[in-house]
Amino acid sequence: MNIQRTLSIIKPDAIKKSVSGNIINMFESNGFKIVAMKKIHLSKLQAQEFYKEHSARPFYGDLCDFMCSGPVVVQVLEKDNAIKANRDLMGATNPSESDEGTIRKMYGDSIDNNAVHGSDSEDSAKREISFFFSELEIC
Ligand code: ADP
Ligand code: MG
């Protein structure tokens with residue numbers, strides 16, 4: 001067993017569509033334990049800091065505007081090999097390329113309105129979890 005934690009964000013498009021409950025249900029029915037969760041509205045500065053690895057990419061400005069366009073639900077998910085398991089459940093970045101049954105296929109509309117974020121490595125999971133949560137908030 002390789003129990004890991006990963007950071008998940010249900011993005012503003014999914015919250016606006018009122019499908020956050022469906023997505024949470026998908027995490028739980030796929031064996032993830034939700035060990036922390038809160039709903040927040042990011043500031044522009046927070047979105048820029050969170051996505052700073054993409055700061056040189058042409059979509060960075062639109063991505064940060066989108067991520068602070070409404071509330072998000074951030075979660076820490078725990079499972080055996082959680083980082084890859086969540087990426088598999090999320091599906092490809094572009095929903096039109098996502099496999100059937102994945103979150104982005106079911107609830108994403110486009111590459112920039114793609115319903116969820118998930119950490120992509122152990123280092124990013126560590127950084128992203130501590131960006132949103134203190135150890136006291138994880139149980
Ligand atoms: P992922 O969210 O699958 O890890 P990335 O880390 O590469 O994808 O990109 C972060 C987010 O930036 C994506 O979820 C998507 O919303 C947006 N994005 C990525 N590539 C593009 C693109 N070519 N055009 C517009 N938005 C993009
Ligand atoms: Mg990414």
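Looking at an unreviewed UniProt entry, one finds the chain named Nucleoside diphosphate kinase and attributed to Candidatus Cytomitobacter primus. According to its UniProt record, the chain has this under Subunit (unreviewed entry): "Homotetramer." For the record of the chain, the UniProt heading Function (unreviewed entry) holds the text "Major role in the synthesis of nucleoside triphosphates other than ATP. The ATP gamma phosphate is transferred to the NDP beta phosphate via a ping-pong mechanism, using a phosphorylated active-site intermediate."

Caption draft 1: Region of interest: the site of ligand 1. Around ligand 1 sit Lys11, His54, Phe59, Leu63, Arg87, Thr93, Arg104, Ile111, Asp112 and Asn114, and those are all the residues in its vicinity. Thr93 has a polar side-chain atom sitting 2.5 Å from an oxygen atom of ligand 1. Between ligand 1 and Asn114, the relevant distance is 2.9 Å, taken from an oxygen atom to a side-chain nitrogen or oxygen of the residue. For ligand 1, whose free accessible area comes to 520 Å², the fraction covered by protein is 78%.

Caption draft 2: A look at the pairing of strand E1 (residues 3-10). Of all eight residues that make up E1, six are buried, and the element is covered over most of its length. Across eight bridges, the pairing between E1 and strand E3 (residues 72-80) is antiparallel. For Arg5, the partnering residue across the bridge sits in E3 and is Glu78. The pairing of E1 with strand E4 (residues 116-118) spans three bridges and is classified as antiparallel. Bridge pairing in E4 links Ile9 to His117.

Caption draft 3: Fine view of the packing of aromatic side chains. For the coordinates displayed, the defined rule picks out five aromatic pairs. Ring centres of Phe50 and Tyr51 lie 5.0 Å apart, and the angle between their planes is 90°; on these two criteria the pair is classed as edge-to-face. Between Phe131 and Phe132, the ring centres sit 4.9 Å apart and the planes meet at 70°, which makes this aromatic pair edge-to-face. Judged by relative accessible area, which is 28%, Phe131 ranks as partly exposed.

The rules behind each value
- Residues numbered from 1 in each chain as written.
- Chains lettered and ligands numbered in written order.
- Predicted model: local features only at pLDDT ≥ 70, side-chain atom pairs only at ≥ 80, totals over all residues.
- Heavy atoms only, no water.
- UniProt positions renumbered as here; feature names shortened; annotations may be inferred.
- Near = heavy atom within 4 Å.
- Polar contact = N/O pair within 3.5 Å; in protein donor to acceptor, adjacent residues only side chain to side chain.
- Areas by Shrake-Rupley, 256 points an atom, 1.4 Å probe, with all protein chains shown as cover.
- Buried < 20%, exposed > 50% of the residue type's maximum accessible area, 1.4 Å probe, protein only.
- Helix = DSSP H or I, 4+ residues; strand = E, 2+ residues; numbered from the N terminus.
- Pairing = 2+ DSSP bridges.
- Phe/Tyr/Trp six-rings, centres within 6.5 Å; stacked < 30°, edge-to-face > 60°.

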